[in-house]
Amino acid sequence: MRVLVTNDDGIDAPGLEALASALSDDWDAYVVAPSGHCSGTGHALTLYRDLSVEKRGDRSWCVGGTPADCVKLAIGELLGFRPDVVVSGINPGPNMANNVHYSGTIAAASEAAFWNIPSIAVSSGSQTPRHLGCTGSYVRKLLLAGVHRLIPRSCVLSLNIPDLPLRELGQPVWTRTARFSADAPFIVLDPGRSYRYGRMPDPTLTDPSGTDVEALKAGLVSATLLGLDRSLPGFDLPPIG
């Protein structure tokens with residue numbers, strides 16, 4: 001099996017190295033990742049400048065672009081084949097609730113899912129993880145069990161994995177995406193002129209039951225299936241004229 005490994009933290013990120021190392025034990029692992037940090041870029045594309053590419057080894061490329069750029073280039077130009085599965089991560093810190101819409105980690109996996117390639121987004125429950133190797137080994141175990149063959153077309157399997165030793169990580173539990181009841185605060189640097197995003201230390205939820213946030217707080221591996229079709233049934237439009 002040929003696996004594409006990517007991320008949004010850059011090609012030199014420890015999480016990417018741990019994931020690629022774990023998966024290369026059993027499969028042909030190829031790495032195409034951004035040259036720098038791209039957290040919070042969502043599904044952005046680099047449309048107004050050239051995309052630089054640097055070969056880092058027989059199976060590794062560094063791209064001066066976004067996570068979505070990386071997967072597009074990998075599939076369309078760099079690999080010369082369609083990978084059997086794409087795994088994005090390991091992100092330091094969870095990607096849950098509202099943040100799934102901003103995450104470059106999830107966007108990279110979503111880009112593969114657009115083209116019906118099984119894809120998994122992997123995030124650690126800790127912003128400063130100590131067990132990245134264990135997280136990588138856990139993903140390896142899921143792939144050995146054939147989880148990629150069960151992911152529906154045009155869907156991403158998003159995993160938020162507690163930062164624990166491998167022996168303490170149990171079976172994943174299905175969760176739904178939570179919703180924060182408040183937005184991230186702004187840090188005022190210069191009123192009316194300069195601001196910075198702050199962090200919510202312990203964000204509250206509109207309804208925590210059965211959510212990714214609740215599972216991770218309980219020390220469980222959260223598995224959330226994210227669909228890419230955002231269309232819904234319509235409603236009776238008001239007459240105009």
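Coordinates for the structure precede this section.
Residues numbered from 1 in each chain as written. Predicted model: local features only at pLDDT ≥ 70, side-chain atom pairs only at ≥ 80, totals over all residues. Heavy atoms only, no water.

A. Structural detail: the overall build of the protein. A tally of regular secondary structure across the protein gives 5 helices and 11 strands. Radius of gyration (C-alpha) of the protein: 18 Å, near the 18 Å computed for a compact globule of 241 residues. Counting the 241 residues in the protein, one finds 48% classified as buried. Taking contacts inside the protein between residues at least 6 apart in sequence as the whole, the part at least 24 apart equals 76%. For the protein, the computed accessible surface area is about 12800 Å², with 52% contributed by carbon and sulfur atoms. Here the protein contributes 20 positive and 24 negative side-chain charges, whose respective centroids are spaced 1 Å apart. (Helix = DSSP H or I, 4+ residues; strand = E, 2+ residues; numbered from the N terminus. Rg over C-alpha atoms; globule rule 2.2 N^0.38 Å. Buried < 20%, exposed > 50% of the residue type's maximum accessible area, 1.4 Å probe, protein only. Contact = heavy atoms within 4.5 Å. Areas by Shrake-Rupley, 256 points an atom, 1.4 Å probe, with all protein chains shown as cover. Lys, Arg positive; Asp, Glu negative; His and termini not counted. Charge placed at Lys NZ, Arg CZ, Asp CG, Glu CD.)

B. Main features of the packing of helix 1 (residues 14–23) against helix 4 (residues 132–144). Two elements in contact, helix 1 and helix 4, have axes whose closest approach is 8 Å; the angle formed by their N-to-C orientations is 40°. It follows from the interaxial angle that helix 1 and helix 4 lie oblique. Crossing hand, helix 1 versus helix 4: right-handed. Residues Pro-14, Gly-15, Ala-18, Leu-19, Ala-22 and Leu-23 of helix 1 form the contact with helix 4, whose participating residues are Leu-132, Gly-133, Gly-136, Ser-137, Val-139, Arg-140 and Leu-143. Grouping the amino acids of the contact of helix 1 with helix 4 by side-chain chemistry returns 8 nonpolar, 4 polar and 1 charged. (Axes fitted to C-alpha atoms, helices over the stretch in contact; angles between N-to-C directions. Parallel < 35°, antiparallel > 145°, perpendicular 65-115°, else oblique. Left-handed = near helix turned anticlockwise from the far one by under 90°. Nonpolar A, V, L, I, M, F, W, Y, C, P; charged D, E, K, R; others polar.)

C. Inspection of the pairing of strand 6 (residues 119–124) at higher detail. In terms of burial, strand 6 is largely enclosed, as 6 of its 6 residues are buried. Going residue by residue along strand 6, you find Ser-119, Ala-121 and Ser-123 tucked away on one face and Ile-120, Val-122 and Ser-124 tucked away on the opposite face as well. The pairing of strand 5 (residues 85–91) with strand 6 spans 4 bridges and is classified as parallel. Paired with Val-87 across the strands is Ile-120, a residue of strand 6. Running through helix 3 (residues 104–114), the crossover from strand 5 to the neighbouring parallel element strand 6 is right-handed. (Pairing = 2+ DSSP bridges. Right-handed = clockwise from strand over helix to strand, strands pointing away.)

D. Highlighting the sheet that holds strand 5. The 9 strands are arranged 3-4-2-1-5-6-7-11-8 in an open sheet whose pairing can be described as mixed. Only two strands of the sheet have a single neighbouring strand rather than two, namely strand 3 (53–57) and strand 8 (173–174). Across 4 bridges, strand 1 (residues 2–6) lies against strand 5 in parallel orientation. Within strand 5, the position partnered with Leu-4 by the bridge is Val-86. In the packing of helix 3 onto the sheet, the strands contacted are strand 1, strand 5, strand 6, strand 7 (155–161) and strand 11 (222–227), and the crossing angle to strand 6 comes to about 170°. Those strands touched by helix 4 are strand 5, strand 6 and strand 7, and its axis lies near 160° from that of strand 5.

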